[in-house]
Amino acid sequence: MMVRYGRLGVAGAPGVRLDRSEALRYLGYTGQQVDQALLTRFNRLADECEKAIKPVFAWSVFDIDEKRTRWEAPEPGAKGTLNACDTGPNAVEGCSAVSGPEAECGNGLVRQVALEGCGLVLEGNSIAEHLRGACKVALMACTLGAVSEREMRKHEAISVADGVMFGSCCSAFVEAAANVTEGLIVSFAHDMGLTTNWRFSPGYGDLPLSAQPALLKALDASRRLGIAVTSTNMLVPVKSVTAVLGLFEKPADGGEARDACAICRLRDGCELRKRGVTCHG
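Everything quoted here is computed from the prediction, not taken from an experiment.

Conventions used here
Residues numbered from 1 in each chain as written. Predicted model: local features only at pLDDT ≥ 70, side-chain atom pairs only at ≥ 80, totals over all residues. Heavy atoms only, no water. Helix = DSSP H or I, 4+ residues; strand = E, 2+ residues; numbered from the N terminus. Polar contact = N/O pair within 3.5 Å; in protein donor to acceptor, adjacent residues only side chain to side chain. Phe/Tyr/Trp six-rings, centres within 6.5 Å; stacked < 30°, edge-to-face > 60°. Buried < 20%, exposed > 50% of the residue type's maximum accessible area, 1.4 Å probe, protein only. Arc of directions from axis to C-beta.

Asker: Just checking my understanding: could you explain the side chain of N197 for this structure?
Answerer: Looking at where N197 falls in the secondary structure, it is placed in the loop between strand 6 (195-196) and helix 6 (212-219). For N197, the side chain forms a polar contact with the main-chain oxygen of H130, separated by 2.7 Å.

Asker: Can you help me understand the packing of aromatic side chains in this one?
Answerer: Where two aromatic rings form a pair, the distance of their centres and the angle of their planes describe that pair. This model, assessed by the stated rule, comprises 3 aromatic pairs. Both rings, one in F200 and one in Y204, keep their centres 5.4 Å apart while their planes meet at 65 degrees; by these two values the pair is edge-to-face. Linked through ring pairs, W198, F200 and Y204 together constitute an aromatic cluster.

Asker: Sorry, what's going on with helix 6 here?
Answerer: The α-helix advances 3.6 residues per turn, and as a result positions three or four apart in sequence lie on the same side. Those residues of helix 6 lying buried are Q212, L215, L216, A218 and L219. Viewed end-on, helix 6 has its buried residues packed into an arc of 155 degrees, placing them on one side of the element. Looking one or two residues past helix 6, D220 carries a phi angle of roughly 55 degrees, positive in sign.

Asker: Looking at this model, I keep getting lost on unusual backbone geometry. Mind explaining?
Answerer: Most peptide bonds take the trans form, and the phi angle of most residues other than glycine is negative. The omega angle of the peptide bond from V236 to P237 is 0 degrees, so this bond is cis rather than trans. Among the structural elements, P237 can be located in the loop between strand 8 (235-236) and strand 9 (240-248). Phi is positive for D220, which is not a glycine, with a value near 55 degrees. Looking at where D220 falls in the secondary structure, it is placed in the loop between helix 6 and helix 7 (221-225). Of the residues examined, D220 reaches a relative accessible area of 26% and is grouped as partly exposed.

In structure tokens:
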């Protein structure tokens, strides 16, 4: 299926607005009194963020390759199965997003969801549960682009406070761009008579960050959007988002709950949860 690309707010693509309350929340604001001069400064930086940065996006929908997908993890050494670390002649090339020391050799095959038409295999219990019952899988990416890196450095050079506030505005802006991109996928699914669950990014649960390169390649996002991956699988520009959604012929069980906290490794010490809010809406 073709990949949809675009710049939000341009050529018929929906626009995006920076959620200032979200940006303030990233700064730790919980309703306390804020100095008016500081608030004016924050709003000026938010205006500059929206003016200088135009987010870009890409998304596409893929069928699930049931032959290579493992909804359940077989026992170690099960007949006719391959270990994630197999390197012999019967090993499947590119079969896993996890390779090398990250793979759990000898502990049985991990669950995985393989997509047709691209080299991406999504590994882990969390993503297998997230996509269980899906008939198709959508991939998405969005970024604030290189200009966001330049603008953040500029404001950091002006003052530490400006750098922190502008960075929070960029974080809220890319989150808003991800919401709009997700909305395009939801609308597409609705037109096909399908429903979706919520977006799930590499790093959530046990879906490894090592899935990033193949996900970006499936969307040609490095060339089209200018997103690169570091040696530790972090995205550059920093203000970028990649994610996976399931498309279903009937409503996904619990999809509306959006309980990403349930599978987050940082939930026990999360400062946001202590304040009664979450990072995912």
